[in-house]
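# Overview (structure and organization)
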Amino acid sequence: MTSPGAGRFAPSPSADLHLGNLRTAVLAWLFARSTGRRFLMRVEDLDDRTHTDIADRQLADLAAIGVTWDGPATRQIDHPDRYDAVVDGLAARGLLFECYCSRRDIAQAPRAPHAPEGAYPGTCRDLTAAERAQRCADTGRPPALRLRTDTTTATVHDLLHGDYTGLVDDFVVRRGDGVPAYNLAVVVDDAEAGIDQVVRGDDLLPSSPRQAYLARLLGHPVPVYAHVPLVLNADGARLAKRDGAVTLAEIGVERALRLIADSLGYTAATVDGMLDEFDPARLPRSPWVYLPG
Ligand code: GLU
Ligand code: ZN
């Protein structure tokens, strides 16, 4: 018998969770629990290590709406060596190169006629040692590290989007300031935890081909994905805290659960009740527009 896999929720502690985040967390929990998986909680604080208070509130809010997780929540800052080891391994395989480009350099770089939109233009891919030294002196900042990829696209399987093919460029694995890039950290952390089901907002769908490519490169299984629709505000923009009446502190547990249940078409307004009604085939495929009040 193989051990059950795991799903997860991985909030960044940049702001209190709003209704959209809470709904995504509930969906991730429903997908995991309905398939007999464990459910893990990971605070993605590599980039935001100062906001322990926000992380604590996020976890308290998730617990308050009935989302449960197995074992203690993990925090990325507790194991920085994990990412360094993977970056070192990729470097030893000759798969990384130093990139001195600013965002602006990348936006303004000349592109090959058929270069995919949004792809890194390859400026630093084949610099000589002398050219690297020169660019280092010119920019006066340490380089980012990019992955030398051998493709331009990859296909992932998504439970809601079917087979999704998207861009794989020479993406950053470690930023110039030394912080592991999100695309690297997420792959390494998911693999380390045995996560085989990734449910998250569909704003991250375009990142999933890069992550699947890196997972394969590192010899990890690629998880099954479900990218769920975001919640929008009255203007059709992604719901944000400034929209008001969106956090648990503002609307309360009972109303939040009722709103989430209504948005998903469930009669039960508890996560356990929603679990009984959960059917991935019947999930709404379009964004939910939330109008407070
Ligand atoms: N930490 C990311 C966020 O809060 C989610 C990353 C993921 O689920 O892969 O947007
Ligand atoms: Zn570059």
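It should be emphasised that the depicted structure is a prediction, and the values quoted were computed from it without experimental measurement. All chains use their own residue numbering, which begins from 1 and follows the written sequence. Naming scheme: in the order in which they are written, chains are lettered from A and ligands are numbered from 1. Note on the predicted model: pLDDT of at least 70 is required for a residue's local features to be given, and 80 or more for side-chain atom pairs to be given and counted; whole-chain, interface and lining totals, by contrast, use all residues. Each side-chain value is derived from all of the structure's non-hydrogen atoms; neither hydrogens nor water enter the calculation.

### Regarding the overall build of the protein chain
Spelled out, the test is: Strands here mean DSSP runs of E at least two residues long; helices mean DSSP runs of H or I at least four residues long; both are numbered from the N terminus. Here the globule rule reads 2.2 Å times residues to the power 0.38, and the radius of gyration is calculated from C-alpha atoms. Using a 1.4 Å probe, the Shrake-Rupley method yields the accessible areas, and only the shown protein chains count as cover for residues. Residues scored as positive are Lys and Arg, those scored as negative are Asp and Glu, and His as well as the terminal groups of each chain are ignored. Note on charges: their place is set at NZ of Lys, CZ of Arg, CG of Asp or CD of Glu.
What the protein chain contains, in helices and strands, is ten helices and twelve strands. Taking 19 Å as the expected radius of gyration for a compact globule of 293 residues, we find that the protein chain reaches 20 Å, a close match to that expectation. Each principal axis of the C-alpha atoms in the protein chain carries an extent, and together these give about 65 × 50 × 40 Å. Of the accessible surface of the protein chain, which amounts to about 14000 Å², a share of 52% is contributed by carbon and sulfur atoms. Within the protein chain, one finds 32 positive and 40 negative side-chain charges whose respective centroids are separated by 3 Å.

### Some details on the sheet that holds strand β1 (residues 6–9)
The criterion, for reference: Any two strands with at least two DSSP bridges between them are considered paired.
The sheet built from three strands is open, its strands ordered β1-β2-β3 with parallel pairing. With partners counted over all chains shown, the strands left at the sheet margins are β1 and β3 (74–75), one partner each.

### Details of the coordination of the zinc ion (ligand 2)
Inclusion rule: Sites may look incomplete because water is not among the atoms; the donors themselves are N, O and S atoms within 2.8 Å of the metal, or within 3.2 Å for Na, K and Ca. Sites are called tetrahedral only when four donors show all angles between 85 and 135 degrees, square planar or octahedral only when four or six donors show opposite pairs over 155 degrees and all other angles between 65 and 115, and irregular in any remaining case. Here's how the labels work: a residue is buried when its accessible area is under 20% of the maximum for its type, exposed when over 50%, partly exposed in between, all with a 1.4 Å probe on protein chains only.
In the first shell of the zinc ion (ligand 2), the protein supplies C99 (SG), C101 (SG), Y120 (OH) and C124 (SG), at 2.1 to 2.3 Å from the metal. Taken together, the four donor atoms coordinating the zinc ion (ligand 2) span angles of 100 to 123° at the metal, a pattern that classifies the geometry as tetrahedral. For the zinc ion (ligand 2), the single-chain donor residues occur in sequence as C-x1-C-x18-Y-x3-C. Taken together, the residues C101 in the loop between β4 (96–99) and α4 (103–108) and C124 in the loop between α4 and α5 (129–139) connect sequence positions 23 residues apart. The buried category is assigned to C101, whose relative accessible area is 14%. C124 sits in the buried class, given a relative accessible area of 2%.

### Describing the packing of aromatic side chains
Note the threshold: Each Phe, Tyr or Trp ring, with Trp reduced to its six-membered ring, pairs with another whose centre is within 6.5 Å; inter-plane angles below 30 degrees give stacked pairs, above 60 give edge-to-face pairs, and intermediate values give tilted ones.
Overall, the coordinates contain three aromatic pairs when judged by the stated rule. Summarising the aromatic geometry, the rings of F31 and F278 are spaced 5.1 Å apart at their centres and angled 75° between planes, so their arrangement reads as edge-to-face. In this pair, F31 is assigned in helix α1 (residues 19–34) and F278 in the loop between α10 (271–277) and β12 (288–289), connecting sequence segments 247 residues apart. For the residue pair F31 and F278, the accessibility class agrees, reading buried in each case. Seen from their ring centres, W288 and Y290 are 5.7 Å apart, and the 50° between their planes marks the pair as tilted.

### As for unusual backbone geometry
Within the chain, A245 stands out as a residue other than glycine whose phi angle is a positive 50°. One can find A245 in the loop between β11 (231–232) and α8 (248–251).

### Considering the site of ligand 1
In plain terms, the rule: Here a residue is near a molecule or strand as soon as one of its heavy atoms is found within 4 Å of it. Each polar contact in these results corresponds to two N or O atoms within 3.5 Å; when the atoms are within protein, one needs to be able to donate a hydrogen and the other to accept it, and residues that are neighboring in sequence are counted only if both atoms are side-chain atoms. Under the scheme applied here, ten amino acids are nonpolar (Ala, Val, Leu, Ile, Met, Phe, Trp, Tyr, Cys and Pro), four are charged (Asp, Glu, Lys and Arg), and all others, including Gly, are polar.
If you check the shell around ligand 1, you find R8, A10, S12, E44, Y182, V186, R200 and L204 and nothing else. Contact distances for ligand 1 include 2.7 Å between an oxygen atom and a side-chain N or O atom of R8. Measuring from a nitrogen atom of ligand 1, one finds a side-chain N or O atom of E44 at 2.6 Å. Its free accessible area being 300 Å², ligand 1 has 77% of it covered by the protein chains. Of the residues belonging to the shell around ligand 1, the class tally is four nonpolar, one polar and three charged.

### Examining the UniProt feature "domain: Glutamyl/glutaminyl-tRNA synthetase class Ib catalytic" (unreviewed entry) in the protein chain
Defined as follows: UniProt positions are given in the numbering used here, feature names are shortened, and annotations may be inferred rather than shown by experiment.
In this structure's numbering, the residues bearing the UniProt feature "domain: Glutamyl/glutaminyl-tRNA synthetase class Ib catalytic" (unreviewed entry) are residues 8–249. End C-alpha atoms of residues 8–249 are separated by 24 Å, and the span's content is 33% helix alongside 19% strand.

### As for the layout of surface pockets
Inclusion rule: The rule is simple: put a 1 Å grid over the protein atoms alone, call a set of points where a 1.4 Å probe fits but cannot get out a cavity, call an open set with protein on both sides within 12 Å along at least five of seven lines a pocket, and count a residue as lining if it has an atom within 4 Å of a point. Grid points are joined across faces, edges and corners, and a volume is the space filled by probe spheres set on the points.
Approximately 240 Å³ is the volume found for the second largest pocket. Surrounding the second largest pocket, 17 residues form its lining, P116, A119, Y120, P121 and T152 being those nearest its centre. A breakdown of the residues in the lining of the second largest pocket according to their chemical character gives nine nonpolar, four polar and four charged.

### With respect to helix α9 (residues 253–264)
Each α-helix turn comprises 3.6 residues. Residues three or four places apart therefore point the same way. As a reminder, the rule being used: Expected helix span is computed as 1.5 Å times (number of residues minus one). Contacts are residue-level and defined by heavy atoms, with any inter-residue pair within 4.5 Å sufficient.
With twelve residues, α9 ought to run about 16 Å at 1.5 Å a step, and its terminal C-alpha atoms sit 17 Å apart, in line with that. Every buried residue of α9 is accounted for by A256, L257, L259, I260, A261, S263 and L264. Those residues of α9 that are buried are in contact with α1, α8, α10 and β12.

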